[in-house]
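Coordinate inspection notes
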Amino acid sequence: MILMEDIVREGHPALRKKSVEVTFPLSTEDRTLCDDLLNYLKNSADPEISEKYSLRAGVGIAAPQINVTKRVFALHLPELKGETLSFIAINPKIVSHSVEKTYLESGEGCLSVDRNIEGYVPRYKRITITAFDVEGNEFKLRLKGLAAIAFQHELDHLNGIMFYDHIDKADPYKEIPGAVPFMRD
Ligand code: K2U
Ligand code: NI
């Protein structure tokens, strides 16, 4: 299982690399990578397991964050209408997006960043994505809200981008034109 000690922190070169695409059929190693990433998120959402292993809660985690520079990440979000959005994205792409932007009112954090960085992180409000599942089947999803924000945060990790790269240094809380803040419930 992935523990906090397995998660690389700011300054580690893996966080600034462009990860490489994964080929199919998945190797056993790549299949285990996918399982481990998704299990981390499920464990971090479990009060007992997260307490026992001191796991930081995450709704997303990308392979480079455990020093594997491959284009794979996991998302595991409590959806609004009760069902959880939970999947592995392999070789993910944003194929289209809204002009309208959004941002997390509370700002963003990162499992690889052990400090609080203030400021609005502009994200596309709605995105259409494609990715492959572990069987190699391509799928397409339309995402909005926290799922869209998280997807963009994780895709950035595959391109060596950190959330704070998007924050206006001069004015971290500068209004983002036309953006509607996403309020977590
Ligand atoms: O990639 C990571 O480090 C996990 C990030 C993902 C994330 C950050 C900001 C906004 C969306 C996703 C976080 O640790 S997940 C923690 C979290 C939980 C609920 C809402 C926002 C962030
Ligand atoms: Ni992150």
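What comes next is a walk through the structure. (Residues numbered from 1 in each chain as written. Chains lettered and ligands numbered in written order. Predicted model: local features only at pLDDT ≥ 70, side-chain atom pairs only at ≥ 80, totals over all residues. Heavy atoms only, no water.)

All right, on to the environment of E83 then. Within the secondary structure, E83 sits in the loop between strand 2 (72-78) and strand 3 (84-97). Classification of E83 by relative accessible area gives partly exposed; the value is 48%. With residues near it in sequence (within four places) discarded, E83 still touches L77 and P78. (Helix = DSSP H or I, 4+ residues; strand = E, 2+ residues; numbered from the N terminus. Buried < 20%, exposed > 50% of the residue type's maximum accessible area, 1.4 Å probe, protein only. Contact = heavy atoms within 4.5 Å.)

Time to look at the site of ligand 1. Lining the immediate surroundings of ligand 1 are 17 residues, of which G60, Q65, L111, H153 and E154 lie closest. One of the side-chain nitrogen or oxygen atoms of Q65 is found 3.0 Å away from an oxygen atom of ligand 1. One nitrogen or oxygen atom from the main chain of L111 is found 2.7 Å from an oxygen atom belonging to ligand 1. In the complex, 91% of the free accessible area of ligand 1, which totals 470 Å², lies under the protein chains. With six residues, helix 3 (residues 145-158) is the largest single contributor of residues to the shell around ligand 1. Of the residues belonging to the shell around ligand 1, the class tally is eight nonpolar, six polar and three charged. (Near = heavy atom within 4 Å. Polar contact = N/O pair within 3.5 Å; in protein donor to acceptor, adjacent residues only side chain to side chain. Areas by Shrake-Rupley, 256 points an atom, 1.4 Å probe, with all protein chains shown as cover. Nonpolar A, V, L, I, M, F, W, Y, C, P; charged D, E, K, R; others polar.)

So, on to the pairing of strand 3. Within a regular strand, side chains alternate between the sheet's two faces. Relative to strand 3, strand 2 runs antiparallel, the two being bridged by seven bridges. Directly across from F73, in strand 3, lies its bridge partner A89. Linking two consecutive strands that pair antiparallel, namely strand 2 and strand 3, is a turn of five residues; a positive phi of about 90° is found at G82 within it. As judged from the five bridges shared by strand 3 and strand 6 (residues 126-132), these two strands associate in the antiparallel manner. If you follow I90 over to strand 6, its bridge partner there is F132. (Pairing = 2+ DSSP bridges.)

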